[in-house]
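# Topology and contacts: notes
Now for the letters of each chain:
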Amino acid sequence: MGRAYEIGIPPPFEEAVKSMEREIMRFLMRSTGDREDAMDLFQETWIRAYRAYPTLQSEDGLRPWIYRIASNLCRNRARDRMRRGRVIANETADGAAPADNAPNQLNGGPEGALHLKRAISRLPGKQGQALMMRKFAGLEYAEIGTALNCSAESARASVYQAVKKLKKLRLDE
């Protein structure tokens, strides 16, 4: 992003978008598991970033700032879906929950990848997001902390807890 950003001047917005758009889209795809949702959130992320760009605190860093916007939008979307799901579930006559027909083992191949994606989506909010930012996007713990509005130590603990839960899930099956 250039020398100007290194000395505290954010790059032009278009340059920031070009440098991070693929990375943010991958993060959103992994977070939502749905291309349509990811595309909606991708657009909303950049709209919000554009509106707030003049207020960017350069010492926080551009990358964690964009990830914070994207992860907050993902969290809001998930929360809204849960609320809608509860309303729909309460309206069903028999009250039965939909069956989970997913394979119960983490193995190679498409089934294992789908199962891993489902397992990650069931992790508590910050744990799942911290895990994806660290393992899939390659962010440092300080950047994850900034993106999730917590300390680097809390981000490290969230990743650790997420990995621990995924390992336990694998052992339990």
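Summary of the structure given here. A quick note: this is a predicted structure, and the numbers were derived from the prediction, not measured.

It is worth spelling out a positive patch on the surface at this point. Taken together, the side chains of Arg22, Arg26, Arg30 and Lys117 present a region of like positive charge at the surface. In this fold, Arg30 is placed in helix H2 (residues 13-32). The exposure class assigned to Arg30 is partly exposed, which follows from its relative accessible area of 36%.

Given two aromatic rings, their pairing is described by the distance between the two centres and the angle made by the two planes. In this structure the tally under the stated criterion is six aromatic pairs. Each ring, one from Phe13 and one from Tyr53, has its centre 5.1 Å from the other, and the planes form 75 degrees; the classification is edge-to-face. In this pair, Phe13 is assigned in helix H2 and Tyr53 in the loop between helix H3 (35-52) and helix H4 (62-91), connecting sequence segments 40 residues apart. With a relative accessible area of 13%, Tyr53 lands in the buried category. With centroids separated by 6.2 Å and ring planes inclined at 55 degrees, the aromatic side chains of Tyr53 and Trp65 adopt a geometry described as tilted. Of the two residues, Tyr53 is situated in the loop between H3 and H4 and Trp65 in helix H4; the sequence distance between them amounts to 12 residues. Trp65 matches Tyr53 in its accessibility class, with the two residues each being buried. Site record: aromatic cluster; members linked through ring pairs are Phe13, Phe42, Trp46, Tyr50, Tyr53 and Trp65. Over the ring of Tyr141 we find Arg134, and its NZ or CZ is 4.3 Å from the ring centre.

Conventions we followed
- Residues numbered from 1 in each chain as written.
- Predicted model: local features only at pLDDT ≥ 70, side-chain atom pairs only at ≥ 80, totals over all residues.
- Heavy atoms only, no water.
- Patch = residues over 30% accessible without salt bridge, like charges linked within 9 Å, V, L, I, M, F, W, Y side chains within 5 Å.
- Areas by Shrake-Rupley, 256 points an atom, 1.4 Å probe, with all protein chains shown as cover.
- Salt bridge = Lys/Arg side-chain N within 4 Å of Asp/Glu carboxyl O.
- Lys, Arg positive; Asp, Glu negative; His and termini not counted.
- Charge placed at Lys NZ, Arg CZ, Asp CG, Glu CD.
- Helix = DSSP H or I, 4+ residues; strand = E, 2+ residues; numbered from the N terminus.
- Buried < 20%, exposed > 50% of the residue type's maximum accessible area, 1.4 Å probe, protein only.
- Phe/Tyr/Trp six-rings, centres within 6.5 Å; stacked < 30°, edge-to-face > 60°.
- Lys NZ or Arg CZ within 6 Å of the ring centre and 35° of its normal.

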